[in-house]
Amino acid sequence: DGVIWLDGELIPWREAKTHVLTHTLHYGMGVFEGVRAYSTPKGPAIFRLKEHTDRLFRSAHILRMEIPYSKEELNEAQKLVVRENGLDEAYLRPMCFLGSEGMGLRAEGLQVHTMVAAWNWPSYMSPEALEQGIKIRTSSYTRHHVNITMCKAKANGNYMNSMLALREALDSGCEEALLLDNEGYVAEGSGENIFIVKGGVLYTPELTSCLEGITRDTIIQFARELGLEVREKRITRDEVYIAEEAFFTGTAAEVMPICEHDGRKIGSGKRGPITEKLQSMYFDQVRGKRQE
Ligand code: PLP
């Protein structure tokens with residue numbers, strides 16, 4: 001139950017349906033966001049809402065989709081959906097998709113629909129995983145051409161290899177996948193950016209084959225506040241094997257320690273001290289508990 005915002009109106013959850021000839025369902029041309037609201041002393045607060053909405057508009061611009069609302073209207077829609085559903089903590093899913101007025105790749109004369117849904121989706125992984133870390137494996141699927149040239153767009157069509165990579169990782173007893181780029185350098189997880197720690201320096205892949213994660217940006221800011229050096233550079237998979245610490249970041253996965261990669265223990269095999277510190281800063285920030 002609850003309500004969903006669709007094209008400017010709040011409608012009951014069950015009635016928020018779309019036609020089987022919806023263009024985006026066939027060809028994947030759509031853009032979306034994953035956003036979280038956290039419970040704070042001042043009530044539910046959407047973490048970095050403005051940045052997520054900005055990225056949605058950038059993604060749409062890259063895909064040549066024109067969103068028929070302003071950023072302010074979509075920010076308000078997201079706040080409204082959290083409020084109207086009485087949610088204290090929530091995962092929000094804004095999405096823009098092409099309508100069912102016609103088929104074919106020309107995609108002419110199609111309406112751009114916009115929706116925002118929100119629901120309670122506590123942790124992407126178990127609370128133990130946030131403490132103990134997860135096992136990951138390098139995927140046989142790479143970030144393909146569209147991902148790489150279009151990695152600034154959070155687009156529906158970019159997720160097929162993420163899903164195949166994750167399935168492959170789960171089938172082999174791991175919790176997440178690590179995708180490489182076409183040259184064999186580390187790109188990102190199925191829906192997360194990656195960081196490694198070596199000699200007290202934080203490394204993360206430069207923004208050539210991974211999404212410009214908002215959590216990634218938050219963590220870089222925190223690390224700099226702590227006086228840690230952060231370097232954005234190409235990373236090889238064996239650098240991850242011998243890292244002192246490694247972790248994923250993302251709105252869904254939050255700050256997730258990695259304890260094993262391709263059967264190799266990372267560092268002590270437990271959440272490392274820098275990961276733990278950045279993780280606690282992150283949770284304090286999103287829950288409005290940080291002293292500025
Ligand atoms: N990489 C991919 C492919 C993603 O889908 C996401 C999730 O949005 C991220 C990284 C992490 O981005 P963010 O921290 O903005 O959620």
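The model shown is predicted, which means the values in this text are computed figures rather than measured ones.

## Considerations on the nonpolar core
What tends to happen in soluble globular proteins is that the nonpolar side chains get buried as a cluster.
Logical step 1: Counting 41 residues, the largest nonpolar core has Phe195, Ile196, Ala246 and Ile258 as its most contacted members.
Logical step 2: Contact partners of Ile196, with chain neighbours within four places excluded, come to Tyr203, Ile235, Glu239, Val240, Ala243, Glu245 and Ala246.

## Focus: the site of the ligand
Logical step 1: Taken together, 16 residues form the shell around the ligand, and within it Gly213, Ile214, Thr215, Gly250 and Thr251 come nearest.
Logical step 2: The set of elements that each furnish at least two residues to the shell around the ligand consists of helix H7 (214-225) and strand E14 (245-250).
Logical step 3: Counting residues per element, the shell around the ligand draws most heavily on H7, which supplies three residues.

## Regarding the domain arrangement of the protein
Logical step 1: The assigned domain composition of the protein is domain 1 (3-119) and domain 2 (127-286).
Logical step 2: For domain 1 and domain 2, the distance between their C-alpha centres works out to 26 Å.
Logical step 3: Of the residues lining the interface, 20 residues belong to domain 1; the matching set on domain 2 comes to eleven residues.
Logical step 4: Sorting the residues of the side of domain 1 that touches domain 2 by element identifies strand E3 (30-32), strand E4 (35-40) and helix H2 (49-62) as the ones contributing at least two each.
Logical step 5: Among the elements that make up the side of domain 1 that touches domain 2, the one with the highest residue count is H2 (six residues).
Logical step 6: Per-class residue counts for the side of domain 1 that touches domain 2 are eight nonpolar, six polar and six charged.

## Some thoughts on the pairing of E14
Logical step 1: The element E14 is extensively covered by neighbouring structure, given that six of its six residues are classed as buried.
Logical step 2: With burial as the criterion, each face of E14 is covered, one bearing Glu245, Phe247 and Thr249 and the other bearing Ala246, Phe248 and Gly250.
Logical step 3: Two strands pair when backbone bridges link them, and strand E11 (residues 193-198) and E14 are joined in this way by five bridges, in the antiparallel orientation. Among the inter-strand pairings, Phe195 is bridged to a residue of E14, identified as Phe247.
Logical step 4: Direction of pairing for E14 relative to strand E15 (residues 254-261): antiparallel, over a ladder of four bridges.

## Considering the packing of H2 against helix H3 (residues 71-84)
Logical step 1: Running from N to C, H2 and H3 cross one another at 125 degrees; their axes reach a closest spacing of 10 Å. Here H2 is positioned oblique relative to H3, judged by the angle of their axes. Here H2 and H3 pass one another in a crossing that is right-handed. Note on element contacts: H3 touches H2 through Lys71, Leu74, Asn75 and Gln78, opposite Leu49, Lys50, Thr53, Asp54 and Phe57.
Logical step 2: Considered class by class, the residues forming the contact of H2 with H3 number three nonpolar, three polar and three charged.

## Brief notes about the packing of H7 against helix H9 (residues 273-286)
Logical step 1: Where H7 meets H9, the closest approach of the two axes is 10 Å, and the angle between their N-to-C directions is 115 degrees. When the axes of H7 and H9 are compared, the pair comes out roughly perpendicular. Seen from above, H7 lies across H9 with right-handed handedness. Contacts from Thr218, Ile219, Phe222 and Ala223 of H7 reach H9 at Leu278, Met281 and Tyr282.

About the thresholds
Residues numbered from 1 in each chain as written. Predicted model: local features only at pLDDT ≥ 70, side-chain atom pairs only at ≥ 80, totals over all residues. Core = buried A, V, L, I, M, F, W, Y, C linked by C-beta atoms within 7 Å. Buried ≥ 20, exposed ≤ 12 C-beta atoms within 10 Å, placed from the backbone. Contact = placed C-beta atoms within 7 Å. Near = placed C-beta within 6 Å. Helix = DSSP H or I, 4+ residues; strand = E, 2+ residues; numbered from the N terminus. Domains from an automatic or database assignment. Nonpolar A, V, L, I, M, F, W, Y, C, P; charged D, E, K, R; others polar. Pairing = 2+ DSSP bridges. Axes fitted to C-alpha atoms, helices over the stretch in contact; angles between N-to-C directions. Parallel < 35°, antiparallel > 145°, perpendicular 65-115°, else oblique. Left-handed = near helix turned anticlockwise from the far one by under 90°.

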